[in-house]
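# An overview of the molecular structure
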Amino acid sequence: MRSDAATVAGWGRVSAPGREVRSDDLVRLTDGAVLSRGLGRSYGDSSLPPPAVREVAGTALADRVLAFDPATGRLRAEAGLSLHALTGMLLPRGWFVPVTPGTAFVTLGGMVAADVHGKNHHVDGCFGAHVEALRLRVADGRIVDCTPERDGDLFRATVGGMGLTGHILEVAFRMQRVPSAWIESESVRAAGIDVLLAELERSSAAWPFTVAWADGVAGGARLGRGIVHRGRWAEPGEAPAGAPAPPRPVRVPCDLPGRTLNRTTVGLFNAALYRRHGRSGRREVQSPYRFFYPLDRLADWNRLYGRRGLTQHQCVLPPERGPAAVRDLLELLARRRACVCLCVIKNCGNEGAGTLSFPRRGTSVAIDLPIDDGTQALVDALNERVIDLGGRIYLAKDAFTRAEHFRAMEPRLDCWTAVRRRWDPELRLRSAQSVRILGDPA
Amino acid sequence: MNAVLLGATRGMGRALARLLVARGDALCLLGRDPAELERSARDLQVRGALAAPPPAFPCDLARPETFAPALDAAAESLGRLDVVVVTAADFAVQTVLESDPDRARALATVDFANTVGFCEHARQILLSAGGGTLCVFSSVAGDRARSSVVLYGAAKAGLSAYLEGLDHRYHRQGLRTVCVKPGFVRTGMTAGLDPPPFAGDPDRVARRVARAIDRGRPVVYAPAVWRWVMLVVRHLPRAVMRLR
Ligand SMILES: Cc1cc2nc3c(=O)[nH]c(=O)nc-3n(C[C@H](O)[C@H](O)[C@H](O)COP(=O)(O)OP(=O)(O)OC[C@H]3O[C@@H](n4cnc5c(N)ncnc54)[C@H](O)[C@@H]3O)c2cc1C
Ligand SMILES: NC(=O)c1ccc[n+]([C@@H]2O[C@H](COP(=O)([O-])OP(=O)(O)OC[C@H]3O[C@@H](n4cnc5c(N)ncnc54)[C@H](OP(=O)(O)O)[C@@H]3O)[C@@H](O)[C@H]2O)c1
């Protein structure tokens, strides 16, 4: 009943031969496995097996909550628990995760392995900053409980370590109390990149959640025009009673033809979005599902990109060169007539404890690109610019970065590799991405 | 209502227990592995916002001597039993069982003889209290024999027939039997197999089964479409069934 031509794919539909084997028993499942994956929401090849291996351990069935203390918010759960399920369970009781990525269809294990950041990075850091303990199966088969104090090197290398230092079996972290289950939000329009970045910076001084959407294909004076979104949890008096129901996602029924998304269609869509917002600011109390997970309303939206799929290039640029650095990157994209289907800009706070975690102080720019024959050259050009600007890229989104580029961006790599090698001298744990970027054995 | 579940540590039993605890039913768990039982009980405690985890007692379908003590302990801890659910079962494809006769005998024993033995205890407890619901997971594999799951299908066919017979015999005395016939559902049990069209999710199966329990429906296919799939499969000519 097993097909031999099976493949496993990341969210961007980049795939590798092999299959995901799921079990609700992670201890048994990870015995001898080379990689774990959660819900496969990383865009590139982070969750795909290396070429010589045909199986990756799927954690999504291991979804039990093992403890929750309503006095402190401390929660312990199996690594396959999804953020979607957790929110459905605890938001109605006044709790939310301290940090959420832009989709709820991720697992706790994936949130730790990528050390995800959210709209509140400038105040609350990454998810890993709120994690208190991890139970791991390390390469030699042992099961290790680590915390920032106990085997702290392993803990810090695992937070943001993309599954390469151990299989995460259990995660303990603190949930955050929220005053209501609703978000008080505002949005303002900005006519170009400089205004957009200034508005983002200004918003972040007063608001815990901020992010900007930019029109990635508009050029000239309109380069980087967009909308800044900001929000905070509504106080009980401002919000409806009770919690909102999660929306029922609409499915994309089939793959769209590969060329559906192009600079013309995206430009029209962006212009409409920009114009519809209007000149004046908007305020509303909205559901956190809409505020945090706008894309989750469309299930399988990756099908909009056709069979070849998409990649995301997300980099963070240090603050020293200011807004000019972001402008620089957008100009490069405009010059190359890149089809930037989505462009999201976020200002980041300080670097966290994860040895190889992506965020650092500066501005993060994430762009979604349909994959075509020019993608490799475009990503190379972007990465060369990122290196010049002193920035770095996010592995959870990546499928095209070259090993030498990554090395040039990551002075922290040696330190992380030293810890990894101490726990896994034979490099048993590896992924398609680690073979590509770190030169691991296939 | 008060429900006892055998096999709620994983899969569809886990999903059903979560649904029941979230709507306020009182639960008691039975299972073979104390550590797994404890983890599942804590999961249900959090999901149901309970002061304490639901009680759990050891019960192994491979060891019939555990049935009566487990069910008695459950009845005592809950006060009264309204529903007994059995999702526990063993599964293996025919190729595996043909190369391992001991495993084959064990599967036939667990999935038929011992499941029936457990149900007999449950039936007596329910009837002695004036009635209740016995909900047991059989399978579409019991509706039509298939070459890939000969023995498992035979055990499930026997189980389905047993449950139908119980319904005929004890319905008037207040026993409601619910025979659940899952099609392919994505759980750990089927993790090694390629999902066919119409594969289901445990949460949706749980919603359907809970409704069947509430209404006392004697047979329920889950996902629902499998009722129609099996209507066709049951009528396929033998020559077609021999093809695979
Ligand atoms: C629409 C969308 C929006 C997003 N927005 C954001 C955002 O705002 N911020 C952000 O930071 N990220 C964002 N992401 C990326 C996403 O949060 C990360 O890729 C996350 O890791 C996905 O979790 P997952 O459970 O799907 O993991 P997978 O994609 O399955 O795996 C990701 C990595 O984690 C490892 N991993 C997973 N589980 C385990 C485990 N149990 N043990 C060890 N390693 C494990 C895998 O090996 C792999 O390297 C977004 C993704 C999408 C699709
Ligand atoms: N999944 C499908 O596609 C499918 C299709 C048709 C029918 N079914 C039937 O539906 C039911 C549930 O299936 P599932 O997929 O949810 O299974 P599952 O995920 O494998 O769960 C099986 C449960 O049964 C328990 N169990 C197994 N052997 C036991 C024993 N000897 N004593 C006590 N408990 C035992 C397990 O407990 P432990 O934690 O101790 O292992 C586990 O809780 C089964 O009867 C199965 O035959 C399933």
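Our structure's up above, just so we're on the same page.
Residues numbered from 1 in each chain as written. Chains lettered and ligands numbered in written order. Predicted model: local features only at pLDDT ≥ 70, side-chain atom pairs only at ≥ 80, totals over all residues. Heavy atoms only, no water.

## As for the overall build of chain B
For chain B, the count of helices and strands is nine helices and seven strands. In terms of overall size, chain B behaves like a compact globule, its C-alpha atoms giving a radius of gyration of 17 Å where 244 residues would be expected to give roughly 18 Å. Oriented by its inertia axes, the alpha-carbon framework of chain B measures out at about 55 × 40 × 35 Å. Long-range contacts, defined here as pairs at least 24 residues apart, represent 68% of the contacts in chain B between residues at least 6 apart. As presented, chain B carries roughly 11000 Å² of accessible surface, and 55% of it is formed by carbon and sulfur atoms. If you average the places of the 32 positive and of the 23 negative side-chain charges in chain B, the two averages end up 8 Å apart. (Helix = DSSP H or I, 4+ residues; strand = E, 2+ residues; numbered from the N terminus. Rg over C-alpha atoms; globule rule 2.2 N^0.38 Å. Contact = heavy atoms within 4.5 Å. Areas by Shrake-Rupley, 256 points an atom, 1.4 Å probe, with all protein chains shown as cover. Lys, Arg positive; Asp, Glu negative; His and termini not counted. Charge placed at Lys NZ, Arg CZ, Asp CG, Glu CD.)

## Description of the nonpolar core
Of all hydrophobic cores here, the largest spans 112 residues; its most connected members are A:Leu86, A:Leu134, A:Phe173 and A:Ile345. The element contributing the most residues to this core is helix α9 (residues 323–335) of chain A, with six residues. Aside from chain neighbours lying at most four places away, what touches A:Phe173 is A:Gly73, A:Arg74, A:Leu75, A:Leu86, A:Val97, A:Pro98, A:Leu108, A:Phe127, A:His130, A:Val131 and A:Glu132. Listed in part, the 33 residues of the second largest apolar core include B:Leu6, B:Ala88, B:Leu134 and B:Leu166. (Core = buried A, V, L, I, M, F, W, Y, C linked by side-chain atoms within 4.5 Å. Buried < 20%, exposed > 50% of the residue type's maximum accessible area, 1.4 Å probe, protein only.)

## Observations regarding helix α6 (residues 150–170) of chain B
Residues and elements named next belong to chain B. For α6, spanning 21 residues, the distance from its first C-alpha to its last is 30 Å, which sits close to the expected 30 Å at 1.5 Å a residue. Taken together, the buried positions of α6 are Tyr152, Gly153, Ala155, Lys156, Leu159, Ser160, Tyr162, Leu163, Leu166, Asp167 and Tyr170. Looking at the buried side of α6, the elements it contacts are α5 (101–128), β5 (132–137) and β6 (175–182). (Expected span 1.5 Å × (residues − 1).)

## Focus on the packing of helix α6 (residues 193–206) of chain A against α9(A)
Residue and element names in this part refer to chain A. One can describe the packing of α6 onto α9 by two numbers: an axis separation of 10 Å at closest approach and a directional angle of 135°. As summarised for this structure, α6 and α9 are arranged oblique, according to the angle between their axes. Seen along the crossing, α6 lies across α9 with a hand that is right-handed. On α9, the residues touching Ile193, Asp194 and Leu197 of α6 are Pro323, Val326, Arg327 and Leu330. Per-class residue counts for the contact of α6 with α9 are five nonpolar, no polar and two charged. (Axes fitted to C-alpha atoms, helices over the stretch in contact; angles between N-to-C directions. Parallel < 35°, antiparallel > 145°, perpendicular 65-115°, else oblique. Left-handed = near helix turned anticlockwise from the far one by under 90°. Nonpolar A, V, L, I, M, F, W, Y, C, P; charged D, E, K, R; others polar.)

## So, the sheet that holds strand β4 (residues 36–37) of chain A
The strands making up a sheet associate through backbone hydrogen bonding, with each pair oriented either parallel or antiparallel. Residue and element names in this part refer to chain A. Here three strands make up an open sheet; going across it, the order is β3-β5-β4 and the pairing parallel. On the outer flanks of this sheet lie β3 (19–22) and β4, each paired with one strand and no other. Strand direction decides the pairing type here: β4 and strand β5 (residues 55–58), joined by two bridges, are parallel. Pairing of Ser36 across the sheet is with Ala57, part of β5. (Pairing = 2+ DSSP bridges.)

## Observations concerning empty space enclosed by the protein
All names here are of chain A. Scanning the model with the defined rule gives two cavities of 30 Å³ or more in all. Volume-wise, the largest cavity comes out at about 60 Å³. By residue class, the composition of the lining of the largest cavity is eight nonpolar, two polar and one charged. Space inside the second largest cavity adds up to approximately 50 Å³. Contributing to the lining of the second largest cavity are Met162, Leu164, Leu356, Leu395, Phe406, Ser431, Gln433, Ser434, Ile437 and Leu438. Take the lining of the second largest cavity: its biggest share by element is four residues, from helix α13 (residues 432–438). Here the residues of the lining of the second largest cavity are counted per class, giving seven nonpolar, three polar and no charged. (1 Å grid on protein atoms, 1.4 Å probe; cavity = no way out; pocket = protein on both sides within 12 Å on 5 of 7 lines; lining within 4 Å. Points joined across faces, edges and corners; volume = space filled by probe spheres on them.)

## As for the packing of α9(A) against helix α10 (residues 375–388) of chain A
Residues and elements named next belong to chain A. For the pair α9 and α10, interaxial distance at closest approach is 10 Å and the crossing angle is 155°. One way to sum up the angle between α9 and α10 is to call them roughly antiparallel. In the crossing of α9 with α10, the sense of the turn from one axis to the other is right-handed. Along its contact with α9, which presents Asp328, Leu329, Leu332, Leu333 and Arg335, the element α10 presents Leu378, Ala381, Leu382, Arg385 and Val386. Partitioned by chemical class, the residues of the contact of α9 with α10 number seven nonpolar, no polar and three charged.

## Thoughts on the site of ligand 2
Residues and elements named next belong to chain B. The full set close to ligand 2 counts 26 residues, and Thr9, Met12, Tyr152, Val185 and Thr187 are the nearest of them. Separating an oxygen atom of ligand 2 from a backbone N or O atom of Met12 is a distance of 2.7 Å. Residue Arg32 places a side-chain N or O atom 2.8 Å away from an oxygen atom belonging to ligand 2. Within the complex, 93% of the 900 Å² of free accessible area of ligand 2 lies under protein. Of all the secondary-structure elements, those providing two or more residues to the shell around ligand 2 are α1 (11–22) and α6. Counted by class, the shell around ligand 2 contains 13 nonpolar, nine polar and four charged residues. (Near = heavy atom within 4 Å. Polar contact = N/O pair within 3.5 Å; in protein donor to acceptor, adjacent residues only side chain to side chain.)

## Examining the pairing of strand β14 (residues 209–214) of chain A
Residues and elements named next belong to chain A. Burial of β14 is extensive: six of the six residues sit out of reach of the surface. Of the two faces of β14, both are covered, the one formed by Phe209, Val211 and Trp213 as well as the one formed by Thr210, Ala212 and Ala214. In terms of strand pairing, β14 meets strand β15 (residues 226–233) through six bridges, oriented antiparallel. Following the sheet pairing, Ala212 is matched in β15 by Val228. Alignment of β14 against strand β20 (residues 342–348), held across three bridges, turns out to be antiparallel. Among the inter-strand pairings, Ala212 is bridged to a residue of β20, identified as Ile345.

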